[in-house]
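Inside the fold
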Amino acid sequence: MHPDGERVLLEEEEIRKRVRELGEQIAGDYAGKELLAVGILKGAMIFLADLVRFISVPVFFDFMAVSSYGKSTGPSGAVRILKDLERDIEGCHVLVVEDIVDTGLTLSYLVGNLQSRRPASLKVCTLLDKPARRRVDVVVDYRGFVVPDRFVVGYGLDYNECYRNLPYVMVLRPAVYKGGNLNV
Ligand code: PRP
Ligand code: 7HP
């Protein structure tokens, strides 16, 4: 394990197995349809790339990047679009793909924004769900794992842009984000 980790929360094999299950479930639910997977950059990039290879119906990709203000002191709820979709989603079956739902503020904003564009359907798939920190109710249609209220990194998730490339998910040692040195 990376030395900045306290413990591995999800091993590579466990993630792969669950991502396969999610992909197969999604393929079954969207049988006979085309799906537009909207990845939320940057965290969802690795999950999305693995997930779509287990979805056997036609999948198109698009991406959004959003930034929440005041993240360091806790999310304020304000979300800004840094990169928008390239195409109109009216009439499309849209699946938002996230790496983690924490307070729910990002997802709540995204769902409201995307719903206003009149997709045929809109669902949400997240690898990780941290319900202990929820501040707004959001509907999650597909969830990989429920995680405890700890800061986790790896498999796309970062701290200060580090650790995204780890193939597993680990709990970050608190000393790292309480002023300790990043050991990357
Ligand atoms: C993370 C994550 C979600 C959001 C979840 O994104 O990817 O989009 O935070 O938090 P919330 O439920 O409290 O709103 P982040 O802003 O860290 O960007 P990143 O994906 O580029 O790491
Ligand atoms: C965002 C985020 N990014 C990485 N790890 C976590 O535990 C997180 N919660 N919200």
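Note: the structure precedes this text.
Residues numbered from 1 in each chain as written. Chains lettered and ligands numbered in written order. Predicted model: local features only at pLDDT ≥ 70, side-chain atom pairs only at ≥ 80, totals over all residues. Heavy atoms only, no water.

Remarks on helix 3 (residues 105-115)
Buried within helix 3 are the following residues: L105, T106, L107, L110, N113 and L114. Turning to helix 3, the residues buried within the fold contact strand 2 (35-41), strand 3 (59-68), strand 4 (79-83), strand 5 (93-101) and strand 6 (121-129). (Buried < 20%, exposed > 50% of the residue type's maximum accessible area, 1.4 Å probe, protein only. Helix = DSSP H or I, 4+ residues; strand = E, 2+ residues; numbered from the N terminus. Contact = heavy atoms within 4.5 Å.)

Some points on the sheet that holds strand 1 (residues 5-10)
Pairing in this open sheet of 3 strands is antiparallel, and the strands run 1-9-8 from one edge to the other. Only two strands of the sheet have a single partner each, and these edge strands are strand 1 and strand 8 (152-153). (Pairing = 2+ DSSP bridges.)

A short note on the site of ligand 2
Every residue lining ligand 2 is accounted for by I100, D102, K130, R150, F151, V152, L157 and D158. Within the side chain of D102, one N or O atom sits 2.6 Å away from a nitrogen atom of ligand 2. Note that an oxygen atom of ligand 2 is positioned 2.8 Å from one of the side-chain N or O atoms of K130. Residue composition of the shell around ligand 2, grouped by class: 4 nonpolar, no polar and 4 charged. (Near = heavy atom within 4 Å. Polar contact = N/O pair within 3.5 Å; in protein donor to acceptor, adjacent residues only side chain to side chain. Nonpolar A, V, L, I, M, F, W, Y, C, P; charged D, E, K, R; others polar.)

Points about the nonpolar core
Counting 32 residues, the largest nonpolar core has I26, F47, L51 and L128 as its most contacted members. Of all the elements in the fold, those that place two or more residues in this core are strand 1, helix 1 (12-29), strand 2, helix 2 (45-52), strand 5, strand 6, strand 7 (142-146) and strand 9 (169-172). Counting residues per element, this core draws most heavily on helix 1, at 5 residues. With residues near it in sequence (within four places) discarded, I26 still touches L35, L51, I55, L95, C125 and Y142. One finds V38, M64, V94 and V140 within the second-largest nonpolar core, a separate group that totals 18 residues. (Core = buried A, V, L, I, M, F, W, Y, C linked by side-chain atoms within 4.5 Å.)

Structural notes on the site of ligand 1
Around ligand 1 sit 15 residues in total, of which E98, D99, T103, G104 and T106 are the nearest. K42 is positioned such that a nitrogen or oxygen atom in its backbone is 3.0 Å from an oxygen atom of ligand 1. Interatomic distance of 2.5 Å between a side-chain N/O atom of T106 and an oxygen atom of ligand 1. Broken down by secondary-structure element, the contributors of at least two residues to the shell around ligand 1 are strand 5 and helix 3. For the shell around ligand 1, the element with the highest residue contribution is strand 5, accounting for 4 residues. Of the residues in the shell around ligand 1, the class split is 4 nonpolar, 4 polar and 7 charged.

Treat this as a map of the structure, not an account of what it does.
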